[in-house]
Amino acid sequence: MIAAEDTRRTRVLLEAIGVRGVRIEALHAHNEAAASDGVLARLQDGDSVALVSDAGTPLLSDPGFELVRACWQAGIPVRPVPGPSALAAVLSVCPLPAHRFLFDGFLPAKAAARASRLRELLALGVAVVFFEAPHRMAATLEELQRLAPERRLMIGREMTKRHEQYLCERPAALLESLTAGDHLKGEFVCVLEGAEVGAAPADARRTLEVLLTELPPAQAARIAAQLLGLGRRELYDLAITLRAP
């Protein structure tokens, strides 16, 4: 049998390669816990089951983890079938340094949580790959423009499909290109450029810029260190740089 995230789409794909008569059952984000029990029972009876996700790779921001974990716990062998992966595909054409990277899945849906996550990711010294929904892509670019306007981002849109598109620019330029072309549609895979080694986090720069409008560098650095948990000497050096004409 086949355990599929979207049974309708899987049937279309099976028909395209001439496969008919195979039992297909749904296993998706809303029923995975319950459906996994039934699949596990069939496996324990000696049946062979294929796990198929809708438009990606199982477990990479797609269903399947509960089932795979249950199989390992029950001593049932699990074998991967190599195939398309948005993660590997986007990195294979990425012009940003990504020999070291973090995969972060989908960003949070709520604005405050998304901004907090982006601040964490911007502080990392490695590239970050994440997915974004089309209806939130503009808001994510606007948040990146506010937090780190100079940080580059690569976008893969509708990868391997008819209208695939690849862009690599700073947030403002990306937002302008996508909006002007009415391209805020489809599936987005993003690669965020890692922070330079020794570079101050975006929060530190922004905090100091605000404090320096009212305070001398030493006092601004001391308060910023307390707020951000960073070293006062490092912040003082940055404050001097920001204060310089």
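Conventions and cut-offs
- Residues numbered from 1 in each chain as written.
- Predicted model: local features only at pLDDT ≥ 70, side-chain atom pairs only at ≥ 80, totals over all residues.
- Heavy atoms only, no water.
- Phe/Tyr/Trp six-rings, centres within 6.5 Å; stacked < 30°, edge-to-face > 60°.
- Helix = DSSP H or I, 4+ residues; strand = E, 2+ residues; numbered from the N terminus.
- Buried < 20%, exposed > 50% of the residue type's maximum accessible area, 1.4 Å probe, protein only.
- Pairing = 2+ DSSP bridges.
- Axes fitted to C-alpha atoms, helices over the stretch in contact; angles between N-to-C directions.
- Core = buried A, V, L, I, M, F, W, Y, C linked by side-chain atoms within 4.5 Å.
- Contact = heavy atoms within 4.5 Å.
- Expected span 1.5 Å × (residues − 1).
- Arc of directions from axis to C-beta.

Asks: Would you mind going over the packing of aromatic side chains with me for this structure?
Replies: For the structure on display, the rule yields 2 aromatic pairs. On the basis of an interplanar angle of 65° and a centroid distance of 5.2 Å, the ring pair of Phe103 and Phe131 is categorised as edge-to-face. Of this pair, Phe103 sits in strand β4 (residues 101-106) while Phe131 is found in strand β5 (residues 127-132), placing the two residues 28 residues apart along the sequence. You can call Phe103 partly exposed: its relative accessible area is 24%. Residue Phe131 is classed as buried on the basis of its relative accessible area, which comes to 11%. Between the aromatic rings of Phe106 and Phe131, the centroid separation amounts to 5.4 Å while the plane-to-plane angle is 70°, which identifies the pairing as edge-to-face. Taken as a pair, Phe106 in strand β4 and Phe131 in strand β5 lie far apart in primary sequence, 25 residues in all. In this structure an aromatic cluster arises from ring pairing among Phe103, Phe106 and Phe131.

Asks: Quick question: what am I supposed to make of the pairing of β4 here?
Replies: When a strand is regular, its side chains alternate between the sheet's two faces. Across 4 bridges, β4 lies against β5 in parallel orientation. Its bridge partner lying in β5, Phe103 is registered against Val129.

Asks: Hey, could you run me through the sheet that holds strand β6 (residues 153-157) in this one?
Replies: Think of a sheet as strands paired side by side through backbone hydrogen bonds, with each pair either parallel or antiparallel. Taking strand neighbours across the sheet as the criterion, the 5 strands line up as β4-β5-β8-β6-β7 in an open arrangement whose pairing is mixed. At either margin of the open sheet sits one strand with a lone partner, and together these are β4 and β7 (165-169). Mean inter-strand twist for the sheet, computed between neighbouring axes without regard to direction, equals 15°.

Asks: How should the nonpolar core be read in this particular structure?
Replies: In a soluble, globular protein the nonpolar side chains are often hidden away together inside. Phe130, Met137, Leu141, Leu153, Ile155, Cys190 and Leu192 are the most contacted members of the largest nonpolar core, which has 19 residues in total. Looking at this core, the elements that each hand over two or more residues are α5 (111-122), β5, α6 (134-147), β6, α7 (171-180) and β8 (188-192). The element contributing the most residues to this core is α6, with 4 residues. Dropping the residues within four chain positions of it, Cys190 is found in contact with Val128, Val129, Phe130, Met137, Leu153, Met154 and Ile155.

Asks: Looking at this structure, I do not really get the sheet that holds strand β2 (residues 24-26). What am I missing?
Replies: In spatial order, the strands read β2-β1-β3; together these 3 strands make up an open sheet with parallel pairing. Each edge of the open sheet carries a strand with a single partner, namely β2 and β3 (50-52). In this sheet, neighbouring strand axes are inclined to one another by 25° on average, regardless of whether the strands run parallel or antiparallel. Both strand β1 (residues 2-4) and β3 contribute to a ladder of 3 bridges, which runs parallel. What sits directly across from Ala3, in β3, is Leu51. Packing against the sheet, helix α1 (residues 7-16) makes contact with β1, β2 and β3, and its axis sits at approximately 155° to β2.

Asks: So what exactly am I meant to see when it comes to helix α10 (residues 232-243) here?
Replies: Counting along an α-helix, one turn takes 3.6 residues, and residues three or four places apart therefore face a common direction. Over its 12 residues, α10 extends 16 Å from the first C-alpha to the last, a length consistent with the 16 Å expected when each residue adds 1.5 Å. The complete set of buried residues in α10 reads Leu235, Leu238 and Ala239. Seen from one end, α10 has its buried residues packed into an arc of 105°, which puts them on one side. Counted as exposed and oriented over 90 degrees from the buried face of α10: Arg233 and Thr241.

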